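The chain contents come next:
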Amino acid sequence: MRAGLRALTSRGRSFLASGIAALVMAVILGENDLFRIGILVTALPLLAAMVVARTRYRLSCARRLDPPRAEVGGEATVTLRLENVTRLPTGLLLIEDTVPYALGVRPRFVLDRVEPRGVREIDYRVRSDLRGRYPIGPLSIRIADPFGLVELTRSFTISDTLVVTPQVAALPHVRLSGEWAGGGDSRTRNAAAAGDDDVAPREYRQGDDLRRVHWRSTARRGELMVRREEQQWQSRGALLLDTRRHAHRGEGPRSSFETAVSAAASIGVQLAREGLGLRLVTDQGPEHLGDSGVGHSLLDTLAVVRHSPARSLEMGVAALRQGGGEGLIVAVLGAIDAEQAQELARLRHSGITGVAVMLDVSTWEGSDRSAQENFEAAQTILAGYGWRIVRLPAGVSLASVWQDAANPGRYVLNPTGGAA
């Protein structure tokens, strides 16, 4: 009841004050009719408070996001499921879900009545032009009486997270190599058409499955021999993303930084679909990818990546050098000078394919005259070390230039270290 009295609206307080005043005046003046009116006006908000307070904790709530990940500019549907878990009907319900400003205005709904054990489902859509992880919820319900005299607010604790990922463009297939890696006794090998005699056996070890015993080799050697494990090998590569603030131009969704993040997402998803094991590195060092699959983990990480204050790619290059084992390095670069390009270019050597997606920041608004000169110098150095160059200017889709990743560098280093 105390909660109900505290929840009186302005109208409810006015009714209560008017009723009390009428009762006082009725006693002073001795007017029985005014006394009856005062009792009615006073009792009405008190009864409303009692009824509303009884229905305060009798609702359950669940929320579903479809899909739980949405691309920038895409929509997601939020479904709210409310259930009246008691045997009494509810009154008027005013529903408001908590949504960040980036996803739009807060959705509000009105439910007149939910019958006993009744269920209501409410849908609304959210959309964002900015990457990130956005909490949705908790849900708040304002329970009001039909006369608007009492209004109680209840907030649920449950909330969900919508991940808004960078835009992923479908890229044409380009043949890129990678370092093959895996575990087990040997790489996957096919048995020759002649039979099992050509399968290379090894000695039996404690714990080996007896079904793998190679009986012909066992009879020949006089000891148990088993077939080697066939292990699926996976090509591995590294993806370097340049997040340095001073290396990018422009603001908002059309900035060179957002273009770089989208390019990294598109390349990473494409390579993951082709079966390549990928690790992500920025100018700040290696980024941890979760266990939900390379594609989803990469998108989740790129959804929250932000500018870094770094001035060089030193930490990123060091992380690539320490990782080792990659046969493919894809670098998505902003503005870099000749010295940084030289440091990065040396990562590529025989057996490693290097692809540099170079954002021509001189084509973005806010660039200075030296940006084009630095771009050409860095391109010459990287191509001289055999990197494949993909130039990405403003307003051009990555899919339209991704075929350049198949072209080898046009420059060849001469013995003195210059490009010839």
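Above this text sits the structure in question.
Worth saying up front: this structure is predicted, and the values here are computed from it rather than measured.

*Asks:* Which residues make up the overall build of the chain, and what values do they have?
*Replies:* Scanning the chain for helices and strands turns up 10 helices and 21 strands. Across the 420 residues in the chain, those meeting the buried criterion constitute 44%. The contacts in the chain between residues at least 6 apart in sequence include a share of 72% that link residues at least 24 apart. Summing over all exposed atoms, the chain offers an accessible surface of approximately 22,400 Å²; the carbon and sulfur share of this is 51%.

*Asks:* Lay out the sheet that holds strand 4 (residues 92-97) in plain terms, naming residues and giving numbers.
*Replies:* Two pairing modes exist for strands in a sheet, parallel and antiparallel, and in both the strands are linked by backbone hydrogen bonds. Taking strand neighbours across the sheet as the criterion, the 4 strands line up as 5-4-8-9 in an open arrangement whose pairing is antiparallel. In this open sheet, the two strands that pair with only one neighbour each are strand 5 (108-111) and strand 9 (151-155). Shown here is a sheet whose adjacent strand axes are inclined to one another by a mean of 20°, direction ignored. In the sheet, strand 4 pairs with strand 5 via 4 bridges, with the strands oriented antiparallel.

*Asks:* Can you lay out the pattern of salt bridges for me, pointing to particular residues and giving the numbers?
*Replies:* Pairing between side chains of opposite charge can happen when the charged atoms of each approach one another. On inspection of all chains with the given rule, the structure shows 15 salt bridges. Close ionic contact of Arg108 with Glu96 constitutes a salt bridge, the shortest N to O distance being 3.2 Å. Separated by 12 residues along the polypeptide, Arg108 in strand 5 and Glu96 in strand 4 bring together distant segments of the chain. Residue classification places Arg108 among the exposed positions, given a relative accessible area of 55%. Glu96 sits in the buried class, given a relative accessible area of 13%. Overlapping salt bridges bring together Arg63, Asp97 and Asp160 as one network.

*Asks:* Let's hear about the side chain of Ser256: which residues, and what values?
*Replies:* With respect to the element layout, Ser256 can be found in helix 5 (residues 256-273). When neighbours within four sequence positions are excluded, Ser256 is seen to be in contact with His248, Arg249, Leu359, Val361 and Trp364.

*Asks:* A description of the sheet that holds strand 3 (residues 75-84) should follow, citing residues and the corresponding values.
*Replies:* Here we have 3 strands laid out as an open sheet, ordered 1-3-6, and antiparallel in their pairing. Of all the strands in the sheet, just strand 1 (59-66) and strand 6 (119-127) have a single pairing partner and so form its edges. Pairs of neighbouring strands in the sheet enclose a mean axial angle of 20°, with direction left out of account. Pairing of strand 1 with strand 3 involves 8 bridges; the strand directions are antiparallel.

*Asks:* Just give me the short version of helix 5, but keep the residues and values in it.
*Replies:* With 18 residues, helix 5 should reach 26 Å at 1.5 Å per residue; the first-to-last C-alpha distance of 26 Å fits that figure. Counted residue by residue, helix 5 has 14 buried out of 18 residues, so it is predominantly covered. Within two residues after helix 5, Gly275 carries a phi angle of roughly 90°, on the positive side.

*Asks:* An account of the packing of aromatic side chains is needed here, citing residue identities and associated values.
*Replies:* Applying the stated criterion across every chain, the model contains 1 aromatic pair. Relative to Tyr124, the ring of Phe109 lies with its centre 6.2 Å away and its plane at 40°, an arrangement referred to as tilted. Taken together, the positions of Phe109 in strand 5 and Tyr124 in strand 6 put the pair 15 residues apart, joining distant regions of the chain.

*Asks:* So, the environment of Val78: which residues are in play, and what are the values?
*Replies:* Mapping Val78 onto the fold places it in strand 3. Judged by relative accessible area, Val78 falls into the buried class, the value being 0%. Taking C-alpha positions, Val78 is 9.4 Å from Pro68, a pair spaced 10 residues apart along the chain. Residues in contact with Val78, not counting those within four places in the same chain, are Arg63, Arg64, Leu65, Asp97, Ile122, Asp123, Tyr124, Val126 and Ile136.

*Asks:* How would you sum up the nonpolar core? Please name residues and give values.
*Replies:* Within the largest apolar cluster, 37 residues are counted, with the highest numbers of intra-cluster contacts made by Leu239, Ile267, Leu302, Val332, Val357, Leu398 and Trp402. For this core, the secondary-structure elements that each account for two or more residues are strand 16 (234-241), helix 5, strand 17 (277-282), helix 6 (294-303), strand 19 (328-333), strand 20 (353-359), strand 21 (388-392) and helix 10 (398-401). The dominant element in this core, judged by the number of residues it contributes, is helix 5, at 9 residues. Beyond its immediate stretch of four places on either side in the chain, Leu398 contacts Leu171, Ala263, Ser266, Ile267, Val357, Val390 and Leu392. Among the nonpolar cores identified, the runner-up in size contains 35 residues, and Leu82, Val150, Leu162 and Val164 belong to it.

*Asks:* Explain the packing of helix 8 (residues 338-345) against helix 9 (residues 370-384) to me, using residue names and the numbers behind them.
*Replies:* Running from amino to carboxyl end, helix 8 crosses helix 9 at an angle of 20°, the nearest separation of the two axes being 9 Å. In terms of axis orientation, helix 8 runs roughly parallel to helix 9. For the pair helix 8 and helix 9, the sense of crossing is right-handed. Of helix 9, the residues touching helix 8 (which contributes Ala338, Ala341, Gln342, Leu344 and Ala345) are Ala378, Ile381 and Leu382.

Calculation criteria
Within every chain, residues take consecutive numbers counted from 1 along the sequence as written. pLDDT decides what is reported in this predicted model: residues at 70 or higher carry local features, side-chain atom pairs at 80 or more are listed and counted, and totals for whole chains, interfaces and linings draw on all residues regardless. Excluded from the side-chain calculation are hydrogens and water; included are all heavy atoms of the structure. Numbering of helices and strands starts at the N terminus; helices are DSSP runs of H or I of at least 4 residues and strands are runs of E of at least 2. Accessibility here uses a 1.4 Å probe with only protein chains present; expressed as a share of the type maximum, an area under 20% marks a residue as buried, one over 50% as exposed, and anything in between as partly exposed. Whether two residues are in contact is decided by their heavy atoms, any of which lying within 4.5 Å being enough. What sets the accessible areas is the Shrake-Rupley method with a 1.4 Å probe; for residues, cover comes only from the shown protein chains. Paired strands are those between which DSSP finds at least two bridges. For helices, the fitted line uses only the C-alpha atoms of the stretch in contact; every axis is such a line through C-alpha atoms, and the angle between N-to-C directions lies from 0 to 180 degrees. One speaks of a salt bridge when a side-chain nitrogen belonging to Lys or Arg is within 4 Å of a carboxyl oxygen belonging to Asp or Glu. The length a helix should cover is 1.5 Å for every residue beyond the first. Stacked, edge-to-face and tilted are the three classes for Phe, Tyr and Trp ring pairs, Trp counted by its six-membered ring, which pair at centre distances within 6.5 Å; planes under 30 degrees apart are stacked, over 60 edge-to-face, the rest tilted. The criterion is simple. A nonpolar core is a set of buried Ala, Val, Leu, Ile, Met, Phe, Trp, Tyr and Cys residues joined through side-chain atoms within 4.5 Å. Any angle that falls under 35 degrees is termed roughly parallel, while one over 145 is termed roughly antiparallel, one within 65 to 115 roughly perpendicular, and all others oblique. For a crossing to be left-handed, the near helix must be turned anticlockwise from the far one by less than a right angle; the clockwise case is right-handed.

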